[in-house]
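What follows is each chain in one-letter form.
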2 protein chains.
Amino acid sequence: MNDGAAPLKGRKATLSDVARLAGVSVATASKALNGRSQVRAETRARVEEAAEQLSFSPNALARGLLAGRTGTVGLLTSDLEGRFSIPILMGAEDAFGAGKVAVFLCDARGDSIREQHHVRALLGRRVDGLIVVGSRTDPRPSLGRDLPVPVVYVYAPSEDPEDLSIIVDNVGAGRQAIEHLISCGRTRIAHISGDPTYGASQERAQGAREALAARGLELIGDVRFGSWTEGWGRAAASMLLAQHPEVDAILCGSDQVARGVMDVLREQDRKIPDDVAVMGFDNWEIFTSHSRPPLTSIDMNFERLGRVAAQRLFAAIDGKPASGVEALDTRVVIRGSTAPGH
Amino acid sequence: MNDGAAPLKGRKATLSDVARLAGVSVATASKALNGRSQVRAETRARVEEAAEQLSFSPNALARGLLAGRTGTVGLLTSDLEGRFSIPILMGAEDAFGAGKVAVFLCDARGDSIREQHHVRALLGRRVDGLIVVGSRTDPRPSLGRDLPVPVVYVYAPSEDPEDLSIIVDNVGAGRQAIEHLISCGRTRIAHISGDPTYGASQERAQGAREALAARGLELIGDVRFGSWTEGWGRAAASMLLAQHPEVDAILCGSDQVARGVMDVLREQDRKIPDDVAVMGFDNWEIFTSHSRPPLTSIDMNFERLGRVAAQRLFAAIDGKPASGVEALDTRVVIRGSTAPGH
DNA sequence: CTGTTAGCGCGTTCAC
DNA sequence: GTGAACGCGCTAACAG
């Protein structure tokens, strides 16, 4: 209907429009705009002015058709909250550098059919590579080996060791947490975790036990698994305090669990951190910064995860593929729940 | 370096590969795969089988080059948390229908330079349209009238009335909230809000006053503005209870503020909702579902916002543009903080 | 019904 | 230095 007679100003200028306005051929215009040296400075200036005047932006499609690369990568996520995807996306954008690469974000909502569908859509748009972000740390099915572009798995590794996966070192995270609590002078440490079917909770617990064992210590009572909720944190803390009133630190499986734990401590008049120190995992600002006191937590460095994934993907696109699992370390963010005054 | 010698299986099958394998011309193959009627069933089957065998996926770039449309829209956001963008993205994907349209998500991080940059990147990739999501409800600068594609502004309206904006009816939201509290039998209602420089807080307050006035009531004390944090909720609640112990309901500017308010109420042994009912805005699950009791809140219907935006954008792409501001209504989600047993 | 031709917008040889 | 010609993968016209 409105194809030819488009009245809009900025319709879409093509390279030949620019060339015509500058009085040169399309080839010359192309060279001029792409900074090739085979063109006189004066001519180049004329072309550039014409391009500016028409607010010309090169058609990346046509360019990609020719070059085989589109300067576009797909980011496939299953993370409804955007808790992981957004920081990872930002890290990836940073690593790719402004303007060079654009990122397609698709949310599969944990549905493998939808995921297959998005993969096809992205491949059809000729993305140069794929980043797959999982919502839990357990291995997930591979997209397959016969894809026409490189794939990097992030947070959730691929089940196929031939794929490249970038994950968080959750065992190390558990170790880090305990080491921090010990360096705060705590020795009677309990661990209230989340859903036991998550690899993350098992790994963090393992790291915690290792770090304690290295000092000849062990956890007060067993690890208490439950769910990743404040409600579980409250319930578990009540039981813990009844059974082991001597506890002087509680490591929590997530910041949300920690919030529940802190509520119970306050209600039972245990001072945080003087009587009992509390720590969480994930460093989710909305939970850690506004609690009383602010919550010490282990940050998963999602932005860095995204940056590294982008770098690896870039290398693979350039013909330097990698495989295996690369685990990145975490970072303790100290706040008032373990260190007074922070 | 690895251009010609790509060893990967699924490199990239082109339509002519399919045609050759099926023993037909590319044109016939195209017709067969696109379901045109001008092809014999047997031939079609042969082509489809060949396409399957080569796991052929049509090059959307080449197709878009010809059609002028790419089946791609850009979603430009400034929302670092993904709190709005993700649900809006999901709504848009739903409305566009699976497979027809893909969505590019770019995060401008509130930086207008980065935003301009992303706009150019998206336009260069020939998106068919743009959805711009703001992080607050105040009007934002227009992207300009001379863009080659339609634009729909979501949540934050454009300053230019010629643009089309889809927003949340925050005045109505404030009214809804008060009406719910009144229907729960409350009459001595206070309002603890967030940052007063946000349009949302002013509008919600206005709606609240209107609904009260309609019943011949008014707020207990002035609206208490502060920040969108639990900390402010705690501070404001303490002051409120000291000055107006008779209060029987507190409407909070956000779920986070409400969490702070509820903490103080519990510490002062005011039963929720029996003594004091509490409500929030935004219906942010992680806050509303796990508080004690679960928090009644006003849901902003972000998915619907995304769906409507996608529909309007689709219409505009089809040559049926619209302009002005379209306000969508909100929805009360009732939980235990206002209705016992919920 | 099927094949041939042309062209979408661009970059890259080559000749001039 | 500059321009004409070709091709990337695909679809819309026509021919056959």
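Just so you know, these numbers come straight off a predicted model, no measurement behind them.

A.B. asks: Got a sec to walk through the sheet that holds strand β2 (residues 102–107) of chain B? Specific residues and values, please.
C.D. replies: Residues and elements named next belong to chain B. Spatial strand order, β2-β1-β3-β4-β5-β10: 6 strands in an open sheet with parallel pairing. Of all the strands in the sheet, the pair left with one neighbour each is β2 and β10 (324–328). Each neighbouring strand pair of the sheet contributes to a mean axis angle of 20°, computed without reference to strand direction. Pairing of strand β3 (residues 129–133) with strand β4 (residues 151–154) involves 4 bridges; the strand directions are parallel. Across the sheet, Ile131 pairs through a bridge with Val152, a residue of β4.

A.B. asks: Explain the domain arrangement of chain A to me, and be specific about the residues and the numbers.
C.D. replies: Taken as a whole, chain A is organised into domain 1 (15–66), domain 2 (72–168 + 302–330) and domain 3 (170–299). Averaged C-alpha coordinates put domain 1 of chain A and domain 3 of chain A at centres separated by 62 Å.

A.B. asks: So what's going on with the protein's contact with DNA strand C? Residues and values would help.
C.D. replies: By nearness alone, 23 residues border DNA strand C, and Leu15 and Arg63 of chain A together with Lys31, Gln38 and Thr43 of chain B come closest of all. By atom count, sugar and phosphate contribute 65% of the portion of DNA strand C lying within 4 Å of the protein. Between a base nitrogen of DNA strand C and a main-chain N or O atom of Ala62 of chain A, the distance comes to 3.4 Å. Between DNA strand C and Ser25 of chain B there is a distance of 3.1 Å, counted from a phosphate oxygen to a backbone nitrogen or oxygen. Elements represented by at least two residues in the surface near DNA strand C include exactly α2 (26–33) and α4 (60–67) of chain A together with α2 (26–33) and α4 (60–67) of chain B. Of the residues belonging to the surface near DNA strand C, the class tally is 11 nonpolar, 8 polar and 4 charged.

A.B. asks: Which residues make up the pattern of salt bridges, and what are the values?
C.D. replies: A full pass over the atoms with the stated rule returns 41 salt bridges over all chains. Ionic pairing is found between Asp263 of chain B and Arg292 of chain A, a salt bridge with its closest N-O pair at 3.4 Å. In this pair, Asp263 of chain B sits in helix α10 (residues 255–267) while Arg292 of chain A sits in the loop between α11 (285–288) and β9 (296–299), so the two residues belong to two different chains. By relative accessible area, which is 23% here, Arg292 of chain A ends up partly exposed. A salt bridge links Arg266 of chain B to Asp263 of chain B, with the shortest nitrogen-to-oxygen separation between them at 3.7 Å. With Arg266 of chain B and Asp263 of chain B both in helix α10 and 3 residues apart, the pair spans about one turn of that helix. Note on Arg266 of chain B: relative accessible area 25%, which makes it partly exposed. Each of the salt bridges in this network shares a partner with another, and the network as a whole consists of Asp263, Arg266, Glu267 and Arg292 of chain A together with Asp263, Arg266, Glu267 and Arg292 of chain B.

Parameters at a glance
Residues numbered from 1 in each chain as written. Chains lettered and ligands numbered in written order. Predicted model: local features only at pLDDT ≥ 70, side-chain atom pairs only at ≥ 80, totals over all residues. Heavy atoms only, no water. Pairing = 2+ DSSP bridges. Helix = DSSP H or I, 4+ residues; strand = E, 2+ residues; numbered from the N terminus. Axes fitted to C-alpha atoms, helices over the stretch in contact; angles between N-to-C directions. Domains from an automatic or database assignment. Near = heavy atom within 4 Å. Polar contact = N/O pair within 3.5 Å; in protein donor to acceptor, adjacent residues only side chain to side chain. Nonpolar A, V, L, I, M, F, W, Y, C, P; charged D, E, K, R; others polar. Salt bridge = Lys/Arg side-chain N within 4 Å of Asp/Glu carboxyl O. Buried < 20%, exposed > 50% of the residue type's maximum accessible area, 1.4 Å probe, protein only.

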